[in-house]
Amino acid sequence: MMLDVHYYSLEDNQNRTAHDPALSTVDQVYLCHSVCALGKARLLDGLCAITTFLDEHPSEVLTIVFENYVTDADTAEVLRASGLADYAFTHTLGQPWPTLRTMIDAGKRLVVFVEKGGGAPAYLHPAYGGELWDTPYSFETKEDFVCTRGRGAAQSPLYLINHWLSRPLSSITYAREVNVDAVLGARVAQCTKEASRGPTFVAVDFYDVGDLFPVVRRANGL
């Protein structure tokens, strides 16, 4: 999951650039894409839904990449309040990543990355600070898709393909166009060839539209 988090004031319906000491953390950290006035949800509510999912599905492993405009301390506070911090896995940079089964057996089934900051607490992994690299993420047409490296170092152990269109905003119409096997499957195959490795993550808009799951299963040899 790729989630954007911002400070937001419900009173004046505006984003804020910093923590407001007059408000509790859980009441000012929101999920929203750029402008919270256009649509938002409390981060706590969103994370509690994820906690419930992990509680009810004990064999699932989830990853969250936060595009974070709030401090690490506030992100961690909401993760603790939601109960998700108990599931958080901590990885040591440079060490091999465990198998999913190892994480499941240990009860540490959530991996958290942040685009800015990270490292305190240790389970807030800096996304592009050595763990992860990705492709570019801004494309207007399907012909614009490339597999070149965007952020992060090429030697990073994890690899993310960003696959969506924004003209300038994403929509379900675009997802119907590019989430099909003929486009998504071909791009995963091409990026795998160019990188000489399969992707760890394939990120799309509207995951339930198109052929994401068959494409990923095939990429995993299933």
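Conventions adopted
One numbering rule holds for all chains: residues counted from 1, following each sequence as written. In view of the model being predicted, local features appear only for residues whose pLDDT reaches at least 70, and side-chain atom pairs are presented and counted only at 80 or more, with totals across whole chains, interfaces and linings using the full set of residues. Note: side-chain values were computed over all heavy atoms of the structure, leaving out hydrogens and water. In DSSP terms, a helix is any run of H or I states spanning at least four residues, a strand is any run of E spanning at least two, and both are numbered starting from the N terminus. To sort residues, take the accessible area from a 1.4 Å probe on protein chains only and compare it with the maximum for the residue type: under 20% means buried, over 50% means exposed, and anything in between is partly exposed. Two N or O atoms count as a polar contact when they lie within 3.5 Å, although within protein this holds only if one can serve as hydrogen donor and the other as acceptor, and sequence-adjacent residues are included solely when both atoms are side-chain atoms. What counts as a salt bridge is simple: a side-chain nitrogen of Lys or Arg found within 4 Å of a carboxyl oxygen of Asp or Glu. Strand pairing is assigned whenever DSSP detects at least two bridges linking the two strands. Comment: axis = line fitted to C-alpha atoms, over the contacting stretch for helices; angle = value between 0 and 180 degrees taken between N-to-C directions. Here, two residues are considered to be in contact whenever any of their heavy atoms come within 4.5 Å of each other. When two rings of Phe, Tyr or Trp (its six-membered ring) have centres within 6.5 Å they constitute a pair, described as stacked for plane angles under 30 degrees, edge-to-face for angles over 60, and tilted for the intermediate range. Working rule: Lys NZ or Arg CZ, within 6 Å of ring centre, within 35 degrees of ring normal, means a charge sits over the ring.

A closer look at the side chain of Ser 9
Secondary-structure assignment places Ser 9 in strand β1 (residues 2–9). Judged by relative accessible area, Ser 9 falls into the buried class, the value being 3%. A distance of 3.4 Å separates the side chain of Ser 9 from the side chain of Arg 16, its partner in a polar contact.

Here we look at the pattern of salt bridges
Evaluation of the coordinates by the stated rule reveals 8 salt bridges. Among the ionic pairs, Asp 134 bridges to Arg 151, the shortest N-O distance being 2.5 Å. Of this pair, Asp 134 sits in strand β8 (residues 132–134) while Arg 151 sits in the loop between β8 and β9 (158–163), and the two are 17 residues apart along the sequence. On the basis of relative accessibility, which here comes to 0%, the residue Asp 134 falls in the buried class. Ionic contacts of the salt-bridge type, sharing partners, join the residues Asp 12, Arg 16 and Asp 20 into one network.

Remarks on the pairing of β9
β9 sits mainly inside the fold: 6 of its 6 residues count as buried. Side-chain alternation along β9 places Leu 158, Leu 160 and Asn 162 on one buried face and Tyr 159, Ile 161 and His 163 on a second face that is also buried. For β8 and β9, the ladder comprises 3 bridges, and the chain directions are parallel. From the neighbouring strand, Trp 133 faces β9, where its bridge partner is Tyr 159. Where β9 meets strand β10 (residues 201–204), 4 bridges bridge the pair, whose relative direction is parallel. Looking at β10, one finds that Leu 160 is bridged to Phe 201.

Quick word on the sheet that holds β8
Ordered in space as β8-β9-β10, the 3 strands form an open sheet in which the pairing is parallel. Whereas interior strands pair on both sides, the edge strands pair on one side only; in this sheet they are β8 and β10. With strand direction ignored, the average angle separating the axes of adjacent strands in the sheet is 25°. Contacts between helix α6 (residues 181–195) and the sheet are confined to β8, β9 and β10, with β9 contributing the most and set at about 145° to the helix.

Considerations on the packing of aromatic side chains
Centre distance and the angle of the planes are the two values used to describe a pair of aromatic rings. Counted under the stated rule, the structure contains 6 aromatic pairs. Taking the centre distance of 5.8 Å and the plane angle of 40° together, the rings of Phe 89 and Trp 97 count as tilted. Pairing Trp 97 with Phe 113 gives two aromatic rings, centres 6.3 Å apart and planes at 45°, and the pair type is tilted. With Trp 97 in the loop between α2 (72–82) and α3 (100–106) and Phe 113 in strand β6 (residues 110–114), this residue pair connects regions lying 16 residues apart in the sequence. Ring pairs connect the aromatic residues Phe 89, Trp 97 and Phe 113, which therefore count as one cluster. Above the face of the Tyr 69 ring, Lys 116 is positioned so that its terminal group lies 4.0 Å from the ring centre.

Regarding unusual backbone geometry
Glycine aside, the phi torsion of most residues is negative, and most peptide linkages are trans. Residue Ala 120 is joined to Pro 121 through a cis peptide bond whose omega torsion reads 0°. If you trace the backbone, Pro 121 turns up in the loop between β6 and β7 (124–126). With phi around 60°, Ser 196 is a residue other than glycine that occupies positive phi space. Secondary-structure assignment places Ser 196 in the loop between α6 and β10.

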